[in-house]
Amino acid sequence: MSELPMTDESAGRQAYLAELNEAQLEAVQALDGPVLLLAGAGTGKTRALTTRLAHILATGRVASPGQILAVTFTNKAAREMKNRVAALLGRDSVEGWWLGTFHSQAARILRERAERVGLRRDFTILDADDQLRLLKQLLAAENIDDKKWPARSLMAVIQRWKDRGLTPDRVSADDGAGDLAGGRMLGLFRAYQERLITLNACDFGDLLLHNLTVFQSDPEALADYHRRFRYILVDEYQDTNVAQYLWLRLLAQKHHNICCVGDDDQSIYGWRGAEVGNILRFEKDFPGARVIRLERNYRSTGRILAAASGLIAHNEGRLGKTLWTEDEEGEKIRLLGLWDGEAEARVIGEEIETLQRRDPDLDLNTIAILVRVGSQTREFEERFLTLGLPYRVVGGPRFYERLEVRDALAYLRVVHSTFDDLAFERIVNKPKRGLGDATLQCLHQAARGLGVPLFEAARALLGTAELRPAARRSLAALIEDFERWRDLARTASHVELTETVLEESGYLEMWRNDKTIEAPGRLENLKELVGAVAEFDTLAGFLEHVSLVMEVLEAEGGSMVSVMTLHAAKGLEFDTVFLPGWEEGLFPNQRTLDEGGHRALEEERRLAYVGLTRARKRAIISFAANRRMYGSWMSTIPSRFVEELPADQVEVESDQGLYGSTFSGLGGRSHGGEFGGGQWVGARASPGFARARERRQAVPFIEVEAREVHTLPGGTVAVGARVFHRKFGYGAVRQVEGEKLTIAFDKAGEKKVMASFVVPAAEAS
DNA sequence: ACCGAAAAAGTTTTT
DNA sequence: CTTTTTCGGT
């Protein structure tokens, strides 16, 4: 950008402004005072936001980029914004700017002000697992029956309080505590908070909560941040909770230069404390606010937009927007009615192959399958594996949540902080050192008596006769190890430290000696962890990253279909979107409905809206008549959302004579409506089903050709054989069930694959 | 203290 | 159905 401050007029001639439409331009140029940008799906929201940020800099309104605070909701959105801002400004990085998730920015502030809330600067951020273990300990100490009051649900209560910006002393008596945990819920909350301070730790909610305490109890500190942040940008405002809202309001109350971007129709995090009310109330909260609507959609065809708009119109209490597009009408939304989840996965696989046949250069990255719950991804994985169709599951099991990685991190945490009892407990007997329950109980007692962390208590106990000689010797060795590692931390690089700790602790050795098939994969993960450590300047920096960003960036892996939850898909777009599992109970989700009633139903509907509006060219919705849940079969009926779609935008293709009057509003093109009187009945033997089968088989299968190419020479498949798979690499055959092999892959873990997709290991090289 | 078997629980969604 | 937790025997 230019060195010289520009007036709005000269900046108006900047190239980056020329590409904006009228509403976007208004959003970019209305720099001063509060602005609410109501941006519908696909209306160029991120472009407006990033350009606005560039424009603040270009017009010389701030002396340095550090005077702009820009917050997003997810790490993914933060990354996207960083990249786009950098690209727009022609820089290679925006490192050090105040641009990130609410939680990461709040953590940064809290590091500067930790003492104010009784924490040390090097406090640890606990993950969900640690939180739960901590609460369980408290339940045990307070003699609260965790059968009757599961720690998980009590934890949720605490989290909801924190989401609302409430500390224990601010929770009012009538505030939901009721008879929870035998009426001792509030006391439990207080004990939990006290324990966190003792541990020099905080949880996710505390990052925001402690910030609020700092701002409210220390006017000097708040004034300092007012001096620092002259402009505030907020993405996905509809997803903010009360604590985040208060945080923003405190930070913006001096300059009022706050711009919130959001779409009330895409609010899908109510279950996590998000308040749609924040966005609905904006004009009241920030007097004189300008409201700008972005309504021109650049993403989807007319039909997709019409279907999505028709669906979301069933919600009440919307701010209301009219999305429009100059794009063509496009294809109708297709609705597939199928027998069960397996058939659904098979048909979607076939649809993708049809698309591939139609366009041999098709980039699979333009295709996504968006599901309601993570467990739905399995059926697709299994099917795509047999088809040899490349896919990626976005947001699947996370690297930092794996057992071995968490153990390794616990070692590092203990090295880094003597206060981290949770980490200490986790690794004290891993590998086995003969320090079991009895020893640990003794340690806890001593720690409580002396008022010191477990690590210190351990040191103190060594001088007494309380422990049995064997345990004492073992514990002494461990303490000595940690002291040596802490010395090493001062001199050696943190990579070297990590390697040394893992090696000398015997942790690596433990996995090397482990004969289970997971062991090699776990060692591989530990190696990867060391690689991740190497990317950070300091151990503290690495640990902070791990706790705030649980995910690991996956390498771009070429052309692959994406499978992910609807939540994970927000903000993304694809040419073709498959939306399976539109069944009552699954979507809308029964559990959600039970908890949240009508409010929750509307949120589910918004989730459907989000799913549909991810599609650029085509959307294919499907539902199954039968679905397996924890091993038992459930018969299901189509989601009410199916009926809420405008009939003239939808084409129904139900193969099975299972399509009935329940959603006659759609005017069917059923292939077998005469069976079962249009009810969801049917058996595998029914004529409708048999006919559906026939019809299926008439479609040529691509995998037939593939199978001939890859077939393993007959008879060579045996348990124990080494094989190679083009996606998972090398592995050993564990089990053979006809054509289905269970293979323990060296890197990918255990998978079921068809014999036709592996070759003997020797031949592959 | 440790190991295995048996029982129970769990599936929303994420920082 | 899978994964985690609990229990009882050594």
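Reference entry: report on the structure contained in this document.

Cut-offs and rules
Per-chain numbering applies: the sequence of each chain, read as written, is numbered from 1 onward. A letter from A marks each chain and a number from 1 marks each ligand, given out in the order of writing. Totals for whole chains, interfaces and linings use all residues, but because this is a predicted model, local features are given only for residues with pLDDT of at least 70 and pairs of side-chain atoms are given and counted only at 80 or more. The side-chain values count all of the structure's non-hydrogen atoms but skip hydrogen atoms and water molecules. Helix numbering and strand numbering both begin at the N terminus, where a helix is a DSSP run of H or I of at least 4 residues and a strand a DSSP run of E of at least 2. Three exposure classes are used, based on accessible area relative to the maximum for each residue type with a 1.4 Å probe and protein chains only: buried under 20%, partly exposed in between, and exposed over 50%. Residue burial considers only the protein chains on display, and all accessible areas are found by Shrake-Rupley using a 1.4 Å probe. In this analysis, strands are considered paired if DSSP registers two or more bridges between them. Here an axis means a line fitted to C-alpha atoms, over the contact stretch when the element is a helix, while the angle between two N-to-C directions is reported on a 0 to 180 degree scale. A contact between two residues is defined here by any heavy atoms of the two lying within 4.5 Å. Whether a residue is near a molecule or strand depends on its heavy atoms: if one lies within 4 Å, it is near. A 3.5 Å cut-off defines polar contacts: any pair of N or O atoms within that distance qualifies, except that in protein one atom must be a possible hydrogen donor and the other a possible acceptor, and neighbouring residues in sequence count only when both atoms are side-chain atoms. Residue classes follow a fixed rule: Ala, Val, Leu, Ile, Met, Phe, Trp, Tyr, Cys and Pro count as nonpolar, while Asp, Glu, Lys and Arg count as charged, and any other residue, Gly among them, counts as polar. When a carboxyl oxygen of Asp or Glu is within 4 Å of a side-chain nitrogen of Lys or Arg, the pair counts as a salt bridge. Put simply, a nonpolar core is a bunch of buried Ala, Val, Leu, Ile, Met, Phe, Trp, Tyr and Cys residues held in one set by side-chain atoms that sit within 4.5 Å of each other. Helices are assigned an expected span. That span is 1.5 Å times one less than the residue count. Each aromatic pair joins two rings of Phe, Tyr and Trp (for Trp, the six-membered one) with centres within 6.5 Å, and gets the label stacked for planes under 30 degrees apart, edge-to-face for over 60, and tilted for any other angle. With respect to orientation, any angle under 35 degrees is reported as roughly parallel, any angle over 145 as roughly antiparallel, any angle of 65 to 115 as roughly perpendicular, and every other angle as oblique. A patch consists of residues exposed above 30% relative accessible area that lack any salt bridge, with like charges linked at up to 9 Å and nonpolar side chains (Val, Leu, Ile, Met, Phe, Trp, Tyr) linked at up to 5 Å.

Remarks on the overall build of chain A
Step number 1: Counting its regular elements, chain A contains 32 helices and 21 strands.
Step number 2: Looking at the 765 residues of chain A, the share that counts as buried comes to 53%.
Step number 3: Here chain A displays about 33,900 Å² of accessible surface, and carbon together with sulfur accounts for 50% of that area.

A few points about the sheet that holds strand E2 (residues 68-72)
Think of a sheet as strands paired side by side through backbone hydrogen bonds, with each pair either parallel or antiparallel.
Step number 1: Strand order in the open sheet made by the six strands is E3-E2-E6-E7-E1-E8, with parallel pairing throughout. Lying at the two open borders of the sheet, with one neighbouring strand each, are strand E3 (98-101) and strand E8 (290-294). Across the sheet, the mean angle separating the axes of adjacent strands is 15 degrees when strand polarity is ignored.
Step number 2: In terms of strand pairing, strand E1 (residues 35-39) meets strand E7 (residues 258-262) through four bridges, oriented parallel. Note that in E7 the partner of leucine 36 across the bridge is cysteine 260.
Step number 3: Seen against the sheet, helix H5 (residues 75-89) touches E2 and E3 and runs at an angle of roughly 150 degrees to E3.

Concerning the protein's contact with DNA strand B
Step number 1: Taken together, 27 residues surround DNA strand B, and among them Arg272, Arg372, Gly374, Arg591 and Thr592 come closest.
Step number 2: The protein-proximal atoms of DNA strand B, defined as those within 4 Å of the protein, are 53% sugar or phosphate.
Step number 3: Here a phosphate oxygen of DNA strand B sits 3.4 Å away from a polar atom, N or O, in the main chain of glycine 434.
Step number 4: Note that a phosphate oxygen of DNA strand B is positioned 3.3 Å from one of the backbone N or O atoms of alanine 438.
Step number 5: Listing elements by their share of the surface near DNA strand B, those giving two or more residues are helix H20 (437-450) and helix H28 (590-612).
Step number 6: Partitioned by chemical class, the residues of the surface near DNA strand B number seven nonpolar, twelve polar and eight charged.

Focus: the pattern of salt bridges
Step number 1: One pass over the full model with this rule turns up 57 salt bridges.
Step number 2: A salt bridge links glutamate 603 to arginine 606, with the shortest nitrogen-to-oxygen separation between them at 3.5 Å. Remark: arginine 606 and glutamate 603 occur in helix H28; sequence separation between them is three residues, near one turn of the helix. When sorted by exposure, glutamate 603 lands in the same class as arginine 606, which is buried.

A short note on the nonpolar core
Note that soluble globular proteins tend to have their nonpolar side chains buried in a common cluster.
Step number 1: Formed by 83 residues in total, the largest nonpolar core has its most connected members in Trp247, Trp582 and Leu612.
Step number 2: Sequence-distant contacts of tryptophan 582, that is, excluding residues within four places in its chain, are made with Leu311, Phe587, Ala608, Leu612, Ile621, Ser622, Phe623, Pro638, Ser639, Phe641, Val642 and Leu645.
Step number 3: With 49 residues, the next largest nonpolar core counts Tyr400, Leu454, Leu461 and Leu539 among its residues.

Some remarks on H20
Step number 1: For H20, built from 14 residues, the straight-helix expectation of 20 Å at 1.5 Å per residue is met to within 8% by its first-to-last C-alpha distance of 20 Å.
Step number 2: Among all positions of H20, only Thr439, Leu440, Cys442, Leu443, His444, Ala446 and Ala447 are buried.
Step number 3: Taken together, the buried residues of H20 touch helix H19 (421-427), helix H21 (454-461) and helix H22 (469-491).
Step number 4: Two residues or fewer past H20, glycine 451 is found with a positive phi of approximately 70 degrees.

So, helix H25 (residues 519-534)
Step number 1: Across its 16 residues, H25 extends 23 Å between first and last C-alpha, which sits within 8% of the 22 Å expected from 1.5 Å per residue.
Step number 2: Those residues of H25 that fall on the buried side of the exposure criterion are Ala519, Gly521, Arg522, Asn525, Leu526, Leu529, Val530, Ala532 and Val533.
Step number 3: Buried positions along H25 lie against helix H18 (403-416), helix H23 (494-504), helix H24 (507-512) and helix H26 (539-548).

Comments concerning the packing of aromatic side chains
Step number 1: Counted according to the given criterion, the structure contains 24 aromatic pairs.
Step number 2: When the ring of phenylalanine 424 is compared with that of phenylalanine 455, the centres are 5.8 Å apart and the planes differ by 80 degrees; the resulting orientation is edge-to-face. Placement of phenylalanine 424 in helix H19 and of phenylalanine 455 in helix H21 is noted, with a sequence separation of 31 residues between them. Residue phenylalanine 424 shares its accessibility class with phenylalanine 455, and that shared class is buried.
Step number 3: When the ring of phenylalanine 536 is compared with that of phenylalanine 542, the centres are 5.7 Å apart and the planes differ by 65 degrees; the resulting orientation is edge-to-face.
Step number 4: For phenylalanine 542, a relative accessible area of 0% corresponds to the buried category.
Step number 5: Three or more aromatic residues joined by ring pairs form one cluster here, namely Tyr411, Phe424, Phe455, Phe482, Trp485, Tyr507 and Trp511.

Considerations on the packing of H18 against H22
Step number 1: At a minimum axis distance of 9 Å, the contact between H18 and H22 shows a crossing angle of 75 degrees. It follows from the interaxial angle that H18 and H22 lie roughly perpendicular. When H18 is examined against H22, the residues Tyr411, Val414 and Val415 are found in contact with a partner set consisting of Phe482, Trp485, Arg486 and Ala489.
Step number 2: Counted by class, the contact of H18 with H22 contains six nonpolar, no polar and one charged residues.

So, unusual backbone geometry
Most peptide bonds take the trans form, and the phi angle of most residues other than glycine is negative.
Step number 1: The linkage connecting lysine 430 with the following residue, proline 431, adopts the cis geometry, with an omega of 0 degrees.
Step number 2: Its place among the elements puts proline 431 in the loop between H19 and H20.
Step number 3: Omega for the bond connecting phenylalanine 587 with proline 588 falls within 30 degrees of zero, at 10 degrees, which places this linkage in the cis form.
Step number 4: Structurally, proline 588 is set in the loop between strand E13 (574-579) and H28.
Step number 5: The phi dihedral of asparagine 200 falls on the positive side, at around 55 degrees, and the residue is not glycine.
Step number 6: Relative to the helices and strands, asparagine 200 is located in the loop between helix H9 (185-198) and strand E5 (201-202).

Comments concerning the environment of alanine 568
Step number 1: Tracing the chain through its elements places alanine 568 in helix H27 (residues 566-569).
Step number 2: Exposure remark for alanine 568: the relative accessible area of 22% places this residue in the partly exposed category.
Step number 3: Here the alpha-carbon distance between alanine 568 and alanine 408, two residues 160 residues apart in the chain, equals 28 Å.

Some remarks on a nonpolar patch on the surface
Step number 1: The grouping of Met629, Tyr630 and Met634 at the surface amounts to a nonpolar patch, some 400 Å² of accessible area in total.
Step number 2: Topologically, tyrosine 630 is positioned in the loop between strand E14 (615-629) and strand E15 (632-635).

What about the environment of leucine 57?
Step number 1: Take leucine 57: it is sitting in helix H4 (residues 45-58).
Step number 2: Separated by eleven residues in the primary sequence, leucine 57 and isoleucine 68 place their C-alpha atoms 9.0 Å from one another.
Step number 3: If we ignore the near neighbours within four places in the chain, the residues touching leucine 57 are Val62, Pro65, Ile68, Leu89 and Trp97.

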